[in-house]
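# Close look at the chain arrangement
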Amino acid sequence: MSEPFAATKVTDRVYWVGAIDWALRDFHGYSTERGTTYNAFLILADKVTLVDTVRAPFREEMMSRIASIIDPAKIDYVISNHSEMDHSGCLPYVIERIKPEKVFASENGAKALDAHFHRDLGVTVVADGQTVSLGGVQATFIETRMLHWPDSMFTYLPEDRILFSQDGFGMHLASSQRFDDEIDDGILEYEAAKYYANILLPFSAAAKVALDKASKLDIVMIAPDHGPIWRTGVKRIVDLYARWNAHKPANKALLIYDTMWGSTEAMAKAIEDGIVGEGVQARSMRLRENHRSNVATEYLDAGAIIVGSPTLNGGMFPTVAENLSYLKGLKRKNLIGAVFGSYGWSGDAVAQIKEILASMRVELVTEPLNIMYVPEKPGLLKCRKLGTLIARKLKERVAGPR
Ligand code: FEO
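Heads up: these notes are all about the structure in this document. (Residues numbered from 1 in each chain as written. Predicted model: local features only at pLDDT ≥ 70, side-chain atom pairs only at ≥ 80, totals over all residues. Heavy atoms only, no water.)

## Concerning the pairing of strand β18 (residues 281–286)
Let me state the cut-off plainly: Pairing between two strands is assigned when DSSP locates at least 2 bridges connecting them. Secondary structure follows DSSP: runs of H or I at least 4 residues long count as helices, runs of E at least 2 residues long count as strands, and numbering of each begins at the N terminus. Seen with the strands pointing away from the viewer, any crossover whose path from the first strand over the helix to the second strand runs clockwise is right-handed.
Note that strand β17 (residues 252–257) and β18 share six bridges and pair parallel. Pairing of Leu254 across the sheet is with Arg283, part of β18. Taking the sense of rotation as the criterion, the β-α-β connection linking β17, helix α8 (residues 263–277) and β18 turns out right-handed.

## A few points about the sheet that holds strand β13 (residues 138–143)
The cut-off we apply is this: In this analysis an axis means a line fitted to C-alpha atoms, helices contributing only their contacting stretch, and an angle means the value between N-to-C directions, from 0 to 180 degrees.
Pairing is mixed across the open sheet formed by five strands, whose spatial order is β12-β13-β14-β15-β16. The open sheet has two edge strands with one neighbour each: β12 (131–133) and β16 (221–223). When strand polarity is set aside, the average angle formed by the axes of neighbouring strands in this sheet is 25 degrees. When β13 meets strand β14 (residues 153–157), the two strands line up antiparallel, connected through four bridges.

## Overview of unusual backbone geometry
Filter applied, for reference: When a residue's accessible area, from a 1.4 Å probe over protein chains only, is under 20% of the maximum for its type it is buried; when over 50% it is exposed; and in between it is partly exposed.
Omega for the peptide link from Leu147 to His148 comes to 0 degrees, which places this bond in the cis form. When you line up the elements, His148 lands in the loop between β13 and β14. Not every positive phi belongs to a glycine, and Asp52 is a case in point at roughly 60 degrees. Positionally, Asp52 belongs in the loop between β8 (49–51) and α1 (59–67). We classify Asp52 as buried; its relative accessible area is 2%. Even without being a glycine, Gln166 presents a positive backbone phi close to 40 degrees. Locating Gln166 in the fold gives a position in the loop between β15 (162–164) and α5 (185–200).

## Description of the packing of α8 against helix α12 (residues 377–399)
Axes are the key here: two packed helices are described by the angle between their axes and the distance separating the axes. Cut-off, in case you're wondering: Under this scheme an angle from 65 to 115 degrees is roughly perpendicular, one under 35 degrees roughly parallel, and one over 145 degrees roughly antiparallel; angles in between are oblique. Handedness of a crossing is defined here by the sense of rotation of the near helix relative to the far one, left-handed for an anticlockwise turn of less than a right angle and right-handed for a clockwise turn. By definition, residues are in contact when any of their heavy atoms lie within 4.5 Å. Three categories are distinguished: nonpolar for Ala, Val, Leu, Ile, Met, Phe, Trp, Tyr, Cys and Pro, charged for Asp, Glu, Lys and Arg, and polar for the others, with Gly belonging to the last.
Put simply, α8 and α12 touch, their axes get as near as 7 Å, and they point 40 degrees apart. Taken together, the axis directions place α8 and α12 in an arrangement best described as oblique. Crossing of α8 against α12: the hand is right-handed. Two secondary-structure elements touch here, α8 through Ala266, Met267, Ala270, Ile271, Asp273, Gly274, Ile275 and Gly277 and α12 through Leu380, Cys383, Arg384, Leu386, Gly387, Thr388, Ile390 and Ala391. Looking at the contact of α8 with α12, its residues break down into 10 nonpolar, four polar and two charged.

Everything listed here is a matter of geometry and, on its own, says nothing about what the molecule does.
Structure below.
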């Protein structure tokens, strides 16, 4: 072995040549406790083809993995499925160094690449459904506009029945394993859900279009740009995407709050007990201790959201405002909700939260519950009653019309 990094064989002609970022803990504001990978793939056809590249600081790791199986100068084609910098960051360097015959991207991809790098990269634009011969092997391009950028596309290799799906079906998960069946099931599903919630949820309609297009293909492997390659779990991840796309409420209530001197927290605990008493799962998250991207993961399939805040300086507690601003952008549908809080004199926070939840189209089951200073037993009983009420409404929703 003359290279420090090795490629991983995916099929007889496809190799993983990406990079592993074990240290990443923040991906443009998304908390990545388990790091990530930037996946790139090499297709050893007559026209040697590189599918996507990696984040710029990882370029030599990618080049070394390529060089472990072939001289990088032999690469003829580069396909850019997605222009975001974690996949295109070293594309100008790759073009300059290996001088490929062609670089393929969607029409929007060509524009995005030029706009990012402020130079003409000489991209050959490909259309939705277009097939290009790689010499004995075909590559079909499938436009997946707004999944999750205007430029996004999949590339399908019918001979190997692989879908190169850029961010779709991906997750932020660094690991020394490259395939889904080598990784713990619970971690896989959590990280896939977290990725969908934080990156793709606002684009559920585009995800549905992409899924419909993919359903017409014979796929045995999905190779995303982050995380493991799906080889035994293709149906599993496709089914999960179909469920998340539908915004179907689960029998689960998400209770998010923050607290100053413990009053709002005491209310939260009584509400939680009321929910659980009705047989509904309660996921309670004090926001100072929970990153917004982990809150979003629980929000993905919750059927109810209950938000609590003390009034601080005439407004919401800052963590509550931050999380609502973030969750609003995710455009979840089919949620019921409730609001609670504690206060000293003005008590304005609950009205502000109510207004935001209304703008998120959350159907509130009752008026906000606002308690002055420290709740006593009657106040806590009201909280429990609120938990019971929302749990009963949620159960009715989940059961559907009889
Ligand atoms: Fe992994 Fe949208 O970039």
